[in-house]
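Each chain is listed here by its residues.
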Amino acid sequence: YVGHYLSKLKQVEEDNKSTIEDFEDLEKQGIEAINDLGINNTTTDIIINLADITAFRLSKNADAIIMIEKALANPAINKKKEAELKIKLADILVADDQIWDATLYYSQVESDMKNEPIGHEAKLKNAKVFYYVGEFDWAATRLDILKSATSKLISNDAIELSLFINEMREEDTLGLILRKFAGADLYLYQTKYDSALILLEKVEKDARGMAGNEYALYRKAQIYSKINEVAQADSIYNVLITSYPTSVKTDNALYERAELLRTNGNTEEAKKLYLILMTDYPESIYAGKARKKYRLME
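Computed from a predicted model, the values in this text were never measured in an experiment. (Residues numbered from 1 in each chain as written. Predicted model: local features only at pLDDT ≥ 70, side-chain atom pairs only at ≥ 80, totals over all residues. Heavy atoms only, no water.)

**Student:** What exactly am I supposed to notice about the overall build of the protein chain here?
**Tutor:** Looking only at helices and strands, the protein chain has 16 helices and 0 strands in total. For 298 residues, the compact-globule formula gives about 19 Å, and the C-alpha radius of gyration of the protein chain, at 20 Å, lands near that figure. Projected onto the principal axes, the alpha-carbon positions of the protein chain cover approximately 55 × 45 × 35 Å. A burial count over the protein chain gives 51% of its 298 residues as buried. Of the roughly 14900 Å² of accessible surface on the protein chain, a fraction of 50% belongs to carbon and sulfur atoms. Taken as two groups, the 39 positive and 49 negative side-chain charges of the protein chain have centres that lie 2 Å from each other. (Helix = DSSP H or I, 4+ residues; strand = E, 2+ residues; numbered from the N terminus. Rg over C-alpha atoms; globule rule 2.2 N^0.38 Å. Buried < 20%, exposed > 50% of the residue type's maximum accessible area, 1.4 Å probe, protein only. Areas by Shrake-Rupley, 256 points an atom, 1.4 Å probe, with all protein chains shown as cover. Lys, Arg positive; Asp, Glu negative; His and termini not counted. Charge placed at Lys NZ, Arg CZ, Asp CG, Glu CD.)

The structure is reproduced here in structure tokens:
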């Protein structure tokens, strides 16, 4: 049953036409499954995904927090599952503006699972929390440690955020623009898209002629993609790719634009973008992903 539920969840999440009702239906099925099967090491995957839907799709943070706290109270949960639950709880606490409670849970997982990939994931998420609240030195220190993480995805994320912080601080010595960026990124994480866009508009005004401008474009395109404003997102990604071909965000933009077009039925354009990634950005972490998607579409 767990596998069936998780594959149905993946299907709904990947479908652009999914509605709030689809997520409410998934929530109902998840709650029924937990009531039938109980809280144990096998059902924690359902609980984690169910809490994610409840918080991030249905904006019911308090319900999601209670759900995970109940699972954590079960003494039979193993160490790995406990760490996964704590990370999801911390994620939801960040969304709920309980920032320092979140950092406490991330730190616990960092400490308990020091040399495990999940410990590195917690350290990365903790670094992001410090970035969100403007503690840029603290964030940079943690990110530097993670640059050599065994997981390519985690080390890539750490390198990207570290580069961004350093690049912005060189141009913006007082950190005023960087603080606006951090605020916008927190709003984006919390799905407060209107507030994020307002801050990014301010960044664009303040960062004319600076690297901050291309980062602002990238964030805006991501937001429009999330709220399903496909044409707007596509247009901004295109501006970023054509105006800033050597930007640190260009390979990200190419991949995300290709995914946006593919999932909205424009497969020919998506294939062209995957091809550009594979040939012009072979060192990018996205080149491998593009190759897989390209092969599936042939």
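**Student:** What is the right way to read the nonpolar core from this model?
**Tutor:** One broad trend across soluble globular proteins is that nonpolar side chains are buried collectively. Membership of the largest hydrophobic core comes to 99 residues, with the highest contact counts inside it found for Ile-92, Val-94, Tyr-131, Phe-164, Ile-165, Phe-181 and Tyr-274. Per-element tally for this core: the top contributor is helix H5 (residues 79-95), with 9 residues. Those residues in contact with Tyr-131, other than ones at most four positions away along the chain, are Phe-136, Ala-139, Leu-161, Phe-164, Ile-165, Leu-178, Phe-181, Ala-182, Asp-185 and Arg-219. (Core = buried A, V, L, I, M, F, W, Y, C linked by side-chain atoms within 4.5 Å. Contact = heavy atoms within 4.5 Å.)

**Student:** How do you make sense of the packing of helix H10 (residues 176-189) against helix H12 (residues 212-226) when you look at a structure like this?
**Tutor:** Helix-helix packing is described using two parameters, namely the angle between the two axes and the distance between the axes. One way to put it is that H10 packs onto H12 with a least axis distance of 12 Å and a crossing angle of 15°. Viewed along their axes, H10 and H12 adopt a mutual orientation that is roughly parallel. Relative to H12, the crossing made by H10 is left-handed. Contacts between H10 and H12 involve Phe-181, Asp-185 and Leu-188 from the former and Gly-212, Tyr-215, Ala-216, Arg-219, Gln-222, Ile-223 and Lys-226 from the latter. A class-by-class count of the residues in the contact of H10 with H12 yields 5 nonpolar, 2 polar and 3 charged. (Axes fitted to C-alpha atoms, helices over the stretch in contact; angles between N-to-C directions. Parallel < 35°, antiparallel > 145°, perpendicular 65-115°, else oblique. Left-handed = near helix turned anticlockwise from the far one by under 90°. Nonpolar A, V, L, I, M, F, W, Y, C, P; charged D, E, K, R; others polar.)

**Student:** Looking at this model, I keep getting lost on the side chain of Ser-155. Mind explaining?
**Tutor:** Residue placement: Ser-155 occurs in helix H9 (residues 152-171). The exposure class of Ser-155 is buried, given its relative accessible area of 11%. In this structure, Ser-155 is in contact with Leu-146, Lys-147 and Ala-149, ignoring residues within four places of it in sequence.

**Student:** Looking at this structure, how should I read the packing of aromatic side chains?
**Tutor:** To describe a pair of aromatic rings, one takes the distance between the centres and the angle between the planes. What the rule picks out here adds up to 13 aromatic pairs. Ring centres of Tyr-131 and Phe-136 lie 6.1 Å apart, and the angle between their planes is 50°; this geometry places the pair in the tilted category. Comparing Tyr-131 with Phe-136 shows no difference in burial state: the two are buried. What links up through ring pairs into an aromatic cluster is the set Phe-56, Tyr-131, Tyr-132, Phe-136, Phe-164, Phe-181, Tyr-189 and Tyr-215. (Phe/Tyr/Trp six-rings, centres within 6.5 Å; stacked < 30°, edge-to-face > 60°.)

**Student:** I keep staring at a negative patch on the surface and nothing clicks. Help me out?
**Tutor:** Together, Asp-15, Glu-21, Asp-22, Glu-24 and Asp-25 make up a negatively charged patch on the protein surface. Following the sequence through the fold, Asp-22 ends up in helix H2 (residues 20-37). (Patch = residues over 30% accessible without salt bridge, like charges linked within 9 Å, V, L, I, M, F, W, Y side chains within 5 Å. Salt bridge = Lys/Arg side-chain N within 4 Å of Asp/Glu carboxyl O.)

**Student:** Honestly, the pattern of salt bridges in this entry has me stumped. Any pointers?
**Tutor:** Two side chains of opposite charge can pair, provided their charged atoms sit close to one another. By the definition in use, this model includes 26 salt bridges. With a closest N to O distance of 3.6 Å, Glu-14 and Lys-10 form a salt bridge. Remark: Lys-10 and Glu-14 occur in helix H1 (residues 2-14); sequence separation between them is 4 residues, near one turn of the helix. Judged by its relative accessible area of 52%, Glu-14 is exposed. Across the pair Lys-220 and Glu-201 runs a salt bridge, and its minimum N-O distance is 3.4 Å. Of this pair, Lys-220 sits in helix H12 while Glu-201 sits in helix H11 (residues 193-206); the two residues are 19 residues apart in sequence, bridging distant segments of the chain. A relative accessible area of 9% places Lys-220 in the buried class. By sharing partners, the salt bridges in this structure join Asp-52, Lys-88, Asp-91, Glu-121 and Lys-125 into a single network.

**Student:** Looking at this structure, how should I read helix H6 (residues 99-112)?
**Tutor:** In an α-helix, one turn spans 3.6 residues; hence positions three or four apart end up facing the same way. End to end, H6 covers 20 Å across 14 residues, agreeing with the expected 20 Å (1.5 Å per residue, within 8%). Of all the residues in H6, the buried ones are Ile-99, Ala-102, Thr-103, Tyr-106, Val-109 and Glu-110. In a view along the axis of H6, the buried residues occupy a sector of 125°, so they form one face of it. Contacts from the buried residues of H6 go to H5, helix H7 (117-132), helix H8 (136-146) and H10. (Expected span 1.5 Å × (residues − 1). Arc of directions from axis to C-beta.)

**Student:** Explain H1 to me, please; I cannot follow it from the model alone.
**Tutor:** The end-to-end C-alpha distance of H1 is 18 Å, a good match for the 18 Å that 13 residues give at a rise of 1.5 Å each. Where H1 is concerned, the buried positions are Val-2, Tyr-5, Leu-9 and Val-12. All buried residues of H1 fall inside an arc of 95° around its axis, so they share one side. Residues of H1 that are exposed and point over 90 degrees away from its buried face: Gly-3, His-4, Lys-10, Gln-11 and Glu-14.

**Student:** Looking at this structure, how should I read the packing of H12 against helix H13 (residues 230-243)?
**Tutor:** As a packed pair, H12 and H13 sit with axes 8 Å apart at the nearest point and diverge in direction by 160°. Between H12 and H13, the interaxial angle falls into the category roughly antiparallel. The chirality of how H12 crosses H13 is left-handed. Of the residues in H13, those in contact with Glu-214, Leu-217, Tyr-218, Lys-220, Ala-221, Gln-222, Tyr-224 and Ser-225 of H12 are Gln-232, Ala-233, Ile-236, Tyr-237, Val-239 and Leu-240.

Honestly, it's all geometry; don't read function into it.
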